[in-house]
Amino acid sequence: KPLFVKIPGSDLPTQIETRFKVTVVGVGNVGMACAQTCLTEDLVDELALVDIQADKLRGEMLDLQHAAAFLPRVKIVADTDYAISAGSDICIVTAGARQREGESRPSLLGRNLTLFKSIIPQLVHYSPNAILLIVSNPVDILTYVSWKLSGFPPNRVIGTGTNLDSSRLRFLIADKFDVNAHNVHGYMVGEHGDSSVPLWSTLTLANVPVLNVRDKNGVSYSKESLQELHRTVVESAYEVIKLKGYTSWAIGYSTASLVKSLLRDQRRIYPVSVRAKGFYGIENEVYLSLPSQLGRAGVLGVANVKMGEEEMQKLQQSAKTIWKLQSELEF
Ligand SMILES: NC(=O)c1ccc[n+]([C@@H]2O[C@H](COP(=O)([O-])OP(=O)(O)OC[C@H]3O[C@@H](n4cnc5c(N)ncnc54)[C@H](O)[C@@H]3O)[C@@H](O)[C@H]2O)c1
Ligand SMILES: O=C1N[C@](c2ccsc2)(c2cccc(Nc3ccc(F)cc3)n2)CC(O)=C1Sc1ccccc1Cl
């Protein structure tokens, strides 16, 4: 006997168009953390995995499929052929040459640029209306490269930028004040990594500027102690690499949060890498992180955050540094 009997006269489609399709390119530490979080948070109806390592790719796909009894129904596919990514709403790019400990940004850029010249045109061919969400490092420059290679409007090419940097800062401040990190409102902007720019003047807890309050141990936050906090954010990245060899969970969760705001048109504001020319006195054609509103059309706009003169100067200096690295690129 068949398990189910169709009701006579039913009109059942054979092929259901999935609503939210996300492709993850690169099934390494970061890519799989992003994929797993998107599944756990029920953000996708279809997940496509792409990589050059065929066995690793099939292994990750099977391993995720085997969790079906504990996840909402989702179609999980994988292939080294980009055709599997066709019709994606968002393509998350985490592919990259394995970043060596202590590797410089120019060195990593050279190796990853070559990969992107192959990856981006294939994603664009199969998903011409997708949003590209770039994670691979150096993320600001590779997001600019993806924008140029894709020919997409800038609102549909976004880098995770200082979203991870900002989430680490929010964790540290939340810990010092014994409050929930969701109530620490503030951004690091500019370049992702060592040279990010914390916007202390607009960082608040319960709408109280952090510059005006004492933490749980009665310590007040002067400019110097805040600079120490920024150093801790940078050092924590190096500490994680030293201890576990890579980072995955925080970048996975922070990237899935961006995916949710984009797919569900949440219109939430995140510090992500966007086409920054023309904002805050930036004259170079670069991608840098600015507080941006994310919805189904991608970057809906850049927030007019009050920024001190010194903060703007650091931002403009970052633009010049990135521009110099970029101007030597051949692609
Ligand atoms: N932006 C951020 O905040 C942030 C944070 C952490 C890591 N990262 C970056 O994410 C990237 C990935 O890190 P990881 O730890 O996952 O590295 P990983 O080496 O574990 O994974 C990289 C994956 O990319 C795949 N790959 C290589 N060439 C490819 C190609 N041409 N097409 C498709 N796939 C390809 C590899 O097979 C591998 O599976 C690195 O560039 C790293 O610096 C960025
Ligand atoms: O958490 C990380 N881990 C990485 C990493 C992941 C796998 S191997 C190294 C990391 C950790 C430490 C340093 C570092 N430097 C770096 C070098 C070249 C680049 F293009 C980008 C980053 N990168 C990659 C990366 O971008 C991060 S965030 C990060 C890094 C440095 C300072 C502050 C932050 Cl918030």
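Residues numbered from 1 in each chain as written. Chains lettered and ligands numbered in written order. Predicted model: local features only at pLDDT ≥ 70, side-chain atom pairs only at ≥ 80, totals over all residues. Heavy atoms only, no water.

Once that is clear, we can look at the side chain of Ser248. Considering the arrangement of structural elements, one finds Ser248 in the loop between α6 (223-244) and α7 (249-263). There is a polar contact of 3.0 Å between the side chain of Ser248 and the side chain of Lys244. Once residues lying within four places of it in the same chain are set aside, the contact partners of Ser248 are Asn29 and Ala33. (Helix = DSSP H or I, 4+ residues; strand = E, 2+ residues; numbered from the N terminus. Polar contact = N/O pair within 3.5 Å; in protein donor to acceptor, adjacent residues only side chain to side chain. Contact = heavy atoms within 4.5 Å.)

On to the pattern of salt bridges, then. Within this structure, the stated rule accounts for twelve salt bridges. Close ionic contact of Arg111 with Glu103 constitutes a salt bridge, the shortest N to O distance being 2.7 Å. By relative accessible area, Glu103 is classed as buried at 15%. Taking the shortest distance from any N to any O, the salt bridge between Glu310 and Lys314 comes out at 3.8 Å. Taken together, the residues span about one helical turn, with Glu310 and Lys314 both in helix α8 (residues 309-327) at a distance of four residues. Within the structure, one salt-bridge network assembled from shared partners comprises Lys21, Glu46 and Lys75. (Salt bridge = Lys/Arg side-chain N within 4 Å of Asp/Glu carboxyl O. Buried < 20%, exposed > 50% of the residue type's maximum accessible area, 1.4 Å probe, protein only.)

So, about the packing of aromatic side chains. Considering all chains together, one arrives at three aromatic pairs under this definition. For the pair Tyr144 and Trp147, a centre-to-centre distance of 6.1 Å together with 65° between the ring planes defines the contact as edge-to-face. A residue pair is termed a helical-turn pair when its members lie 3 or 4 positions apart in one helix, as Tyr144 and Trp147 do in helix α4 (residues 139-150) at three residues. Taking relative accessible area as the criterion, Tyr144 reaches 9% and is therefore assigned buried. Seen from their ring centres, Trp147 and Tyr287 are 5.9 Å apart, and the 50° between their planes marks the pair as tilted. Of this pair, Trp147 sits in helix α4 while Tyr287 sits in strand β13 (residues 287-295), and the two are 140 residues apart along the sequence. With relative accessibility at 9%, the residue Trp147 sits in the buried group. Among the residues examined, Tyr287 registers a relative accessible area of 0% and is labelled buried. Taken together, the ring pairs in this structure connect Tyr144, Trp147 and Tyr287 into an aromatic cluster. A cation over a ring is seen here: Lys148 above Trp147, with NZ or CZ 4.9 Å from the ring centre. (Phe/Tyr/Trp six-rings, centres within 6.5 Å; stacked < 30°, edge-to-face > 60°. Lys NZ or Arg CZ within 6 Å of the ring centre and 35° of its normal.)

A separate point is the packing of α4 against α8. One can describe the packing of α4 onto α8 by two numbers: an axis separation of 10 Å at closest approach and a directional angle of 55°. As far as their axial angle goes, α8 and α4 are oblique. Seen from above, α4 lies across α8 with right-handed handedness. Of the residues in α8, those in contact with Asp140, Ile141 and Tyr144 of α4 are Ile322, Leu325 and Gln326. Across the contact of α4 with α8, the residue classes break down as four nonpolar, one polar and one charged. (Axes fitted to C-alpha atoms, helices over the stretch in contact; angles between N-to-C directions. Parallel < 35°, antiparallel > 145°, perpendicular 65-115°, else oblique. Left-handed = near helix turned anticlockwise from the far one by under 90°. Nonpolar A, V, L, I, M, F, W, Y, C, P; charged D, E, K, R; others polar.)

Here the focus is the site of ligand 2. The full set close to ligand 2 counts 17 residues, and Gln99, Asn137, Arg168, His192 and Thr247 are the nearest of them. Asn137 places a side-chain nitrogen or oxygen 2.7 Å from an oxygen atom of ligand 2. Protein chains shield 89% of the accessible area of ligand 2, which is 650 Å² for the free molecule. Listing elements by their share of the shell around ligand 2, those giving two or more residues are α3 (105-126), α5 (163-177) and α6. No other element matches α6, which puts four residues into the shell around ligand 2. (Near = heavy atom within 4 Å. Areas by Shrake-Rupley, 256 points an atom, 1.4 Å probe, with all protein chains shown as cover.)

Asn137 connects to Pro138 through a cis peptide bond whose omega is -5°. Within the element layout of this structure, Pro138 appears in the loop between β5 (131-134) and α4. In the Ramachandran plot, Asp265 falls in the positive-phi region, its phi being about 50° despite a non-glycine side chain. Residue placement: Asp265 occurs in the loop between α7 and β12 (268-275). Residues other than glycine seldom take positive phi values, yet Arg267 does so here, at roughly 55°.

With respect to the secondary-structure elements, Leu243 resides in helix α6. It is 35 Å that separates the C-alpha atoms of Leu243 and Asp89, two residues lying 154 residues apart in sequence.

Alignment of β13 against strand β14 (residues 298-302), held across four bridges, turns out to be antiparallel. Across the sheet, the residue bridging to Ser292 is Val302, located in β14. Turn length for the β13-β14 hairpin, with the two strands adjacent in sequence and antiparallel, is two residues. (Pairing = 2+ DSSP bridges.)

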